[in-house]
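Summary of structural features
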Amino acid sequence: MKTNKELQRRVMDELQFEPSVDSAAIGVTANEDIVTLTGTVNSYAEKTAAVRASERVSGVGAVVNNMHVELPSLHLRNDEDLARSVLHSFEWSVLIPHNQIKVKVENGWVVLEGKVDYKYQKTAAEEAIYNLTGVRGLSNSIEVIPVPNVGEVKSKIENAFRRASEIDAKNIKVDVFNGEVTLRGQVHSRTERVAAENAAWSAPGVRQVKDEMTIPA
């Protein structure tokens, strides 16, 4: 069990190691396994990179993102120009069903709405925006349409578990209700846990994955 000071230091070291982040501008505090990031960064991409770098550190259970984006004058854009760039980025991606997604922009904050069939489509739409100049923040309200046939979703996930070399399928129980998947049982490592979650998200119509799996001490 790492102390708060040890975890804080490890996160700070990871931020310094991440080349896309100005670690000197970011404050880090740790309370048990919860890390809070504060400070001002120059872009939404940098803000996202800082969060992801912190999540990579062993012992971090959750990251509270209290960073603020202050765009340099050269990166300022009006909302109409930014909205047009977002739409163009969607059109250039084969992963994004852009006709199913609505975009709103206010003071550099992008809001995504609409309905898609897969979680990866929602994620792709969000990731297409990270590196656009002028983005101050993002709210992804895209919904994943649940598949009516619960048995089919459950079967697809269980079959995916059996195919994956890093997942011990017999130890994980899958429950599905209205697009929400709950995973229970014991896994051997965090790697297996993440692999199981990713496999569940890959099934059509999955809106949420609840991880109730445990790792034996």
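That block above? That's the structure.
Residue indices begin from 1 for each chain and proceed along its sequence in written order. At least 70 in pLDDT is required for a residue's local features to be given in this predicted model, at least 80 for side-chain atom pairs to be given and counted, and no such filter applies to totals for whole chains, interfaces and linings, which use all residues. As a rule here, side-chain values cover all heavy atoms of the structure and leave hydrogens and water aside.

Looking at the packing of aromatic side chains
Side-chain rings of Phe, Tyr and Trp (the six-membered ring for Trp) are treated as a pair once their centres are within 6.5 Å; stacked means planes under 30 degrees apart, edge-to-face means over 60, and tilted covers the remaining angles. With the rule as written, the count across this model stands at two aromatic pairs. Aromatic side chains tyrosine 44 and tyrosine 130 sit 5.8 Å apart centroid to centroid with 45° between the ring planes, which places their arrangement in the tilted category. Pair noted here: tyrosine 44 is in helix H2 (residues 44-55) and tyrosine 130 is in the loop between helix H4 (119-127) and strand S6 (137-140), with a separation of 86 residues, a long-range link. For the pair shown, tyrosine 44 and tyrosine 130 are each scored as buried. Measuring from centroid to centroid gives 5.4 Å for tyrosine 118 and tyrosine 120, while their planes differ by 40°, and the two rings are tilted. For every residue, the accessible area (1.4 Å probe, protein chains only) is compared with the maximum for its type, and the residue is labelled buried under 20%, exposed over 50%, or partly exposed between those bounds. Given a relative accessible area of 28%, tyrosine 118 falls into the partly exposed group. For a lysine, the NZ atom is tested; for an arginine, the CZ atom; a charge sits over a ring if that atom is within 6 Å of the ring centre and within 35 degrees of the ring normal. Over the ring of tryptophan 201 we find lysine 119; its NZ or CZ atom is 4.6 Å from the centre of that ring. Segments assigned H or I by DSSP are reported as helices when at least four residues long, segments assigned E as strands when at least two residues long, and all are numbered from the N terminus.

Focus on the environment of phenylalanine 90
Relative to the assigned elements, phenylalanine 90 resides in helix H3 (residues 79-91). Aside from chain neighbours lying at most four places away, what touches phenylalanine 90 is Ile96, His98, Ile101, Val103, Leu112, Ala125, Ala128 and Ile129. Contacts are assigned to residue pairs that have any heavy atoms within 4.5 Å of one another.

Overview of the packing of helix H5 (residues 150-163) against helix H6 (residues 190-201)
Between two packed helices, what matters for the description is the angle formed by their axes and the separation of those axes. Where H5 meets H6, the axes come as close as 9 Å, and the angle between the chain directions of the two elements is 140°. The angle between the axes of H5 and H6 places the two elements in the oblique class. As for how H5 packs across H6, the hand of that crossing is right-handed. Here Ile157, Ala160 and Phe161 of H5 come into contact with H6, specifically with Ala196, Ala199 and Ala200. We call Asp, Glu, Lys and Arg charged. Ala, Val, Leu, Ile, Met, Phe, Trp, Tyr, Cys and Pro are nonpolar, and the rest, Gly among them, are polar. Considered class by class, the residues forming the contact of H5 with H6 number six nonpolar, no polar and no charged. Inter-axis angles, ranging from 0 to 180 degrees, are taken between N-to-C directions of lines fitted to C-alpha atoms, where helices are fitted over the stretch in contact. Relative orientations are named as follows: roughly parallel for angles under 35 degrees, roughly antiparallel for angles over 145 degrees, roughly perpendicular for angles from 65 to 115 degrees, and oblique for any other angle. We call a crossing left-handed when the near helix sits turned anticlockwise from the far one by less than a right angle, and right-handed when that turn is clockwise.

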